[in-house]
Amino acid sequence: MAEQTHVLFVEDDDVIREATQLALERDGFAVTAMPDGLSGLEAFRADRPDIALLDVMVPGLDGVSLCRRIRDESTVPVIMLSARADSIDVVLGLEAGADDYVTKPFDGAVLVARIRAVLRRFGHAGGARAAADSGDADGGVLTFGDLEVDTDGMEVRRAGRPVALTPTEMRLLLEFSSAPGTVLSRDKLLERVWDYGWGGDTRVVDVHVQRLRTKIGQDRIETVRGFGYKLKA
């Protein structure tokens, strides 16, 4: 029997927490459900789950702060749950290192689909089309100025120093590296990196591009207003 995927779910609403836990367990997930951020952090450190679902507004340690603490220790995928699609909390969660978010109230099937999409891309971070003939290639290493992207070893170096990327950031960089100088639209990046088969919120792309810029150089990824982004060759 295949090992169950372990989900950490932090939600202070008893009804939502219990109903969502049951729904996820029916879909084959093992779930640890916690009512506040501090107990969620303890559970994360004790159990090391495969994915974390964090409600933004939980007591003790809010979801954004909890996400930041998790990201300091791990690259485990994180999905934020927010009651408002237009809330600044969505952006704050993404800036804290979350990989995606789902708006409440949510359909159980939609949540499961998003979880599986995140897990698929984390299980195959090299799935982006990074061709060996892009950039100045040395085997599986692509070079763009002082930036080196090792598509075989899934490692990045800037000026010879290692750059720590989350799997989502790595997939995003691989997409840019596969077509340097080519403008990639936000919708295309949502489809390729986030595995969205439907329209998604492009703020997810924008925040991750900004996070990536802070790590590989602000001027390495260029914004093409009204069209998208491109990696400077």
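Residues numbered from 1 in each chain as written. Predicted model: local features only at pLDDT ≥ 70, side-chain atom pairs only at ≥ 80, totals over all residues. Heavy atoms only, no water.

1. Quick notes on the side chain of threonine 32
Argument step 1. Along the chain, threonine 32 turns up in strand E2 (residues 30-34).
Argument step 2. Given the relative accessible area of 16%, threonine 32 is considered buried.
Argument step 3. Within polar-contact distance, the side chain of threonine 32 engages the side chain of histidine 6 at 2.8 Å.
Argument step 4. Beyond its immediate chain neighbours, meaning those up to four positions away, threonine 32 contacts His6, Val7, Leu8, Phe9, Ala43 and Asp47. (Helix = DSSP H or I, 4+ residues; strand = E, 2+ residues; numbered from the N terminus. Buried < 20%, exposed > 50% of the residue type's maximum accessible area, 1.4 Å probe, protein only. Polar contact = N/O pair within 3.5 Å; in protein donor to acceptor, adjacent residues only side chain to side chain. Contact = heavy atoms within 4.5 Å.)

2. So, the nonpolar core
Argument step 1. Counting 50 residues, the largest nonpolar core has Leu54, Met80 and Phe176 as the members making the most contacts within it.
Argument step 2. Examining the composition of this core, we find that 6 residues originate from one element, helix H8 (residues 203-216), more than from any other.
Argument step 3. Among all residues touching methionine 80, those that are not within four sequence positions of it are Leu54, Val56, Gly63, Val64, Cys67, Gly93, Ala98, Asp100, Tyr101 and Val102.
Argument step 4. In terms of nonpolar packing, the next biggest core, distinct from the first, is built from 16 residues, Phe9, Val31, Val112 and Ile115 among them. (Core = buried A, V, L, I, M, F, W, Y, C linked by side-chain atoms within 4.5 Å.)

3. Some words on the pairing of E2
Argument step 1. By the bridge criterion, 5 bridges tie strand E1 (residues 6-10) to E2 in an arrangement that is parallel. Bridging from a neighbouring strand, valine 10 pairs with methionine 34 of E2.
Argument step 2. Taken together, E1, helix H1 (residues 14-26) and E2 form a β-α-β motif whose crossover is right-handed. (Pairing = 2+ DSSP bridges. Right-handed = clockwise from strand over helix to strand, strands pointing away.)

4. Section: H1
Argument step 1. In a regular helix each residue adds 1.5 Å, so 13 residues correspond to 18 Å; H1 covers 18 Å between its end C-alpha atoms and thus fits that length.
Argument step 2. Regarding H1, the residues found buried are Arg17, Thr20, Ala23 and Leu24. Angular distribution of buried residues about the axis of H1 spans 140°; they occupy a single face of the element. Looking at H1, the residues exposed on the side facing more than 90 degrees away from the buried face are Val15 and Arg26. (Expected span 1.5 Å × (residues − 1). Arc of directions from axis to C-beta.)

5. Some details on the packing of helix H4 (residues 88-95) against H8
Argument step 1. Remark: H4 packs on H8, axes separated minimally by 9 Å, with the N-to-C direction vectors making an angle of 35°. Crossing of H4 against H8: the hand is right-handed. The segment H4 lies against H8, with Val90, Val91, Leu94 and Glu95 engaging Arg203, Val204, Val207, His208 and Arg211.
Argument step 2. Broken down by class, the residue content of the contact of H4 with H8 amounts to 5 nonpolar, 1 polar and 3 charged. (Axes fitted to C-alpha atoms, helices over the stretch in contact; angles between N-to-C directions. Left-handed = near helix turned anticlockwise from the far one by under 90°. Nonpolar A, V, L, I, M, F, W, Y, C, P; charged D, E, K, R; others polar.)

6. Considerations on H4
Argument step 1. Asp89, Val90, Val91, Gly93 and Leu94 are the residues of H4 that are buried.
Argument step 2. Where H4 is buried, its residues contact helix H3 (63-73), strand E4 (78-82), strand E5 (100-103) and H8.
Argument step 3. Count one or two residues on from H4 and you reach glycine 97, which has phi positive near 120°.

7. A closer look at the confidence of the model for the protein chain
Argument step 1. Residues at a pLDDT of 70 or more form 89% of the protein chain, whose mean pLDDT is 87.
Argument step 2. The low-confidence segment residues 124-138 (pLDDT under 50) makes 33 contacts with residues lying over four places distant or belonging to another chain. (pLDDT = per-residue confidence, 0-100.)

8. A look at unusual backbone geometry
Argument step 1. The residue after lysine 104, namely proline 105, is reached through a cis peptide bond having omega -5°.
Argument step 2. Residue placement: proline 105 occurs in the loop between E5 and helix H5 (108-123).
Argument step 3. Despite not being glycine, methionine 154 has its phi angle at roughly 55°, a positive value.
Argument step 4. Looking at methionine 154, the relative accessible area reads 28%, which means it is partly exposed.

9. Here we look at the pairing of strand E11 (residues 221-224)
Across a regular strand the side chains alternate sides, sitting on one face of the sheet and then on the other.
Argument step 1. Pairing geometry for E11 and strand E12 (residues 228-231), over 4 bridges, is antiparallel. Looking at E12, one finds that glutamate 222 is bridged to lysine 230.
Argument step 2. The turn linking E11 back onto E12 is made up of 3 residues, and glycine 226 within it adopts a positive phi angle of 85°.

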